[in-house]
Amino acid sequence: MFLNRTCKEATAIMVAKEDRRLPWNERIALRLHLAICKDCPNFERQMLTMRNGMKEWRNYTTRD
Amino acid sequence: MTPPDFTSATEPASFEQQVALLQPYLLKFARLQLRNDAWAEDTVSETLLAALSKPQAFSNRSQLKTWLVGILKHKIIDALRLHGREVFQSDNEVDEREDPLDAMGFKPDGHYIEAPAQWGNPEQHSSSKQFFEILEACVSQLPAVQGRLFLMREWLELSSDEVCKELGLTPTNLYVQLHRARLRLRECLALNWYGNTARS
């Protein structure tokens, strides 16, 4: 199926998502994969945790 | 250079003194972002010069650091633009070429061998000084090119388009480096922070 992604592919897409807008087919493919995969949602949460951590750090370095 | 000690002064520190005391702080971040001591020292000198030449531009003295870091970020963007190609030219090809994704443990069919670890609640604020120190150490351990590009996104808050425009870099090139930087940083944080159950 053209929308099937392996965990490895889905992981790469989740990393790419931090820096660029995904094409629509990648967005759907990722959503479908996350819905059926038990492992990848953990990686998604790790990326979210890192994003929040970076934001905290940025504020910490920049503000009095 | 040792910063002069003003703690014994009975009078409140002057504007110049307060600015001078923040020099090491500014240098630390200039180094982290630029990964080149000469460039970093230049941007900090320019920042201090700009600050001292127009103290009237600084109206609210309670936020001196915020004001100076704001100036520093502009000077750093100027420096990155000035050095253009040098910013993304690697002096360690091997280090820049490896894809950390391959080291994450996937079966031949693309499944995880072991599920990525639970790091706890992503919304929980990791605002401790300890976390920031580990984060800074992990960023400083990235290969220089990856570290610069990553911080242009995350510290200077430039969009991917802006990074490419400032440096004359192709999007494909940028995305490859950012992919590696993010995965390496994840690995470093997993080892030194999130994986460490003894953290307070």
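Our subject is the structure listed above.
Numbers given for residues are sequential positions, taken from 1 along each chain in its written order. The naming scheme follows written order: chains are lettered A onward, ligands numbered 1 onward. Residue-level local features of this predicted model are given only where pLDDT is at least 70; pairs of side-chain atoms are given and counted only at 80 or more, and the full residue set underlies all totals for whole chains, interfaces and linings. No hydrogens and no water enter the side-chain calculation; it runs on all heavy atoms of the structure.

J.: Talk me through the state of the cysteines; I want residue IDs and the actual numbers.
T.: Throughout, a disulfide means two cysteine sulfur atoms within 2.5 Å of one another. With the rule as written, the count across this model stands at one disulfide over all chains. One disulfide bridge connects C138 of chain B with C188 of chain B, the sulfur atoms lying 2.1 Å from each other. Measuring handedness by torsion sign, the sulfur bridge of C138 of chain B and C188 of chain B sits at about -75 degrees and is left-handed. Of this pair, C138 of chain B sits in helix 6 (residues 129-140) while C188 of chain B sits in helix 9 (residues 171-194); the two residues are 50 residues apart in sequence, bridging distant segments of the chain. For each residue, the accessible area found with a 1.4 Å probe, counting protein chains only, is set against the maximum for its type, and the residue is called buried under 20%, exposed over 50%, and partly exposed in between. Under the relative-accessibility criterion, C188 of chain B is labelled buried at 12%. Just so you know, C7 of chain A is unpaired, no disulfide at all, and the nearest cysteine sulfur is the one on C37 of chain A, 3.7 Å from it. Overall, C7 of chain A belongs to the buried group, its relative accessible area being 1%. Comment: elements are numbered from the N terminus, with helices defined as DSSP H or I runs of at least four residues and strands as E runs of at least two.

J.: Account for the interface of chain A and chain B, with residues named and values stated.
T.: Residue contacts follow a heavy-atom distance rule, with two residues in contact if any of their heavy atoms lie within 4.5 Å. Chain A puts 30 residues into the contact, and the matching count from chain B is 50 residues. Computed with a 1.4 Å rolling probe, the buried area is the accessible surface lost when two parts are put together, summed over both parts. Both sides together, the interface formed by chain A and chain B hides about 3700 Å², and carbon and sulfur atoms give 60% of it. The working definition used for a salt bridge is a side-chain nitrogen of Lys or Arg within 4 Å of a carboxyl oxygen of Asp or Glu. Taken together, the links from chain A to chain B amount to five salt bridges. Of the charged contacts, one joins R182 of chain B and D19 of chain A as a salt bridge, the two residues approaching to 2.7 Å between their closest N and O atoms. Between N or O atoms, a polar contact is any pair within 3.5 Å; within protein, one atom must be a potential hydrogen donor and the other a potential acceptor, and residues adjacent in sequence are included only when both atoms are from side chains. At the surface where chain A touches chain B, the tally comes to 18 residue pairs in polar contact (both at pLDDT 80 or more). With 18 residues, the top contributor of residues to the side of chain A that touches chain B is helix 3 (residues 40-62) of chain A.

J.: Give me the lowdown on helix 7 (residues 144-154) of chain B, citing residues and values where you can.
T.: Of all 11 residues in helix 7 of chain B, 11 are buried, a share of seventy percent or more. Within the sequence span of helix 7 of chain B, burial applies to A144, V145, Q146, G147, R148, L149, F150, L151, M152, R153 and E154 of chain B.

J.: So, a nonpolar patch on the surface: which residues are in play, and what are the values?
T.: Residues and elements named next belong to chain A. Patches in this entry comprise residues that are over 30% relatively accessible and not in a salt bridge; like charges within 9 Å are linked, as are nonpolar side chains (Val, Leu, Ile, Met, Phe, Trp, Tyr) within 5 Å. Values of accessible area rely on a 1.4 Å probe in the Shrake-Rupley scheme; residue burial ignores everything except the protein chains shown. Among the surface-exposed residues, W24, I28 and L32 lie close enough to one another that they form a single nonpolar patch of about 320 Å² accessible area. Mapped onto the elements, W24 comes out in helix 2 (residues 24-36). On the basis of relative accessibility, which here comes to 56%, the residue W24 falls in the exposed class.

J.: Outline the pattern of salt bridges, listing residues and values.
T.: Per the stated rule, a full pass over the model turns up 16 salt bridges over all chains. Between E18 of chain A and R51 of chain A there is a salt bridge, and its shortest N-O distance comes to 2.8 Å. Of this pair, E18 of chain A sits in the loop between helix 1 (7-16) and helix 2 while R51 of chain A sits in helix 3, placing them 33 residues apart in sequence. On the basis of relative accessible area, E18 of chain A is assigned to the buried category, the value being 13%. Its salt-bridge partner being E157 of chain B, residue R58 of chain A comes within 3.4 Å of it at the nearest N-O pair. Taken together, the positions of R58 of chain A in helix 3 and E157 of chain B in the loop between helix 7 and helix 8 (160-167) put the pair across two chains. Linked by salt bridges that have partners in common, D19 and R58 of chain A together with R153, E154, E157 and R182 of chain B make up one network.

J.: Which residues make up the environment of K8 of chain A, and what are the values?
T.: In this structure, K8 of chain A sits in helix 1. Taking the C-alpha atoms as reference, K8 of chain A lies 9.1 Å from C40 of chain A; in sequence the two are 32 residues apart. With sequence-adjacent residues up to four places away left out, K8 of chain A is seen in contact with L101, D102, F106 and G110 of chain B.

J.: Account for unusual backbone geometry, with residues named and values stated.
T.: Residues and elements named next belong to chain B. Residues other than glycine seldom take positive phi values, yet R35 does so here, at roughly 55 degrees. Structurally, R35 is set in the loop between helix 2 (23-34) and helix 3 (37-53). You can call R35 partly exposed: its relative accessible area is 25%. The backbone of E157 shows a phi angle near 60 degrees, a positive value even though the residue is not glycine.

J.: Can you explain the packing of aromatic side chains? Please cite residues and give values.
T.: Under the pairing criterion, centres of Phe, Tyr and Trp rings, with the six-membered ring standing for Trp, must be within 6.5 Å; the plane angle then separates stacked pairs below 30 degrees from edge-to-face pairs above 60, leaving the rest tilted. Overall, the coordinates contain 10 aromatic pairs over all chains when judged by the stated rule. Pairing W57 of chain A with F29 of chain B gives two aromatic rings, centres 6.2 Å apart and planes at 55 degrees, and the pair type is tilted. You can see W57 of chain A sitting in helix 3 and its partner F29 of chain B sitting in helix 2, one on each of two chains. Given the relative accessible area of 2%, F29 of chain B is considered buried. Feature note: the residues Y60 of chain A together with W119, F131, F132, W193 and Y194 of chain B constitute an aromatic cluster, connected by ring pairs. Look at NZ for Lys and CZ for Arg. If either is within 6 Å of the ring centre and within 35 degrees of the ring normal, a charge sits over the ring. A cation over a ring is seen here: R20 of chain A above Y175 of chain B, with NZ or CZ 5.4 Å from the ring centre. Against the face of Y25 of chain B rests K65 of chain B, its NZ or CZ located 4.3 Å from the ring centre.

On their own, these measurements won't tell you what the molecule is for.
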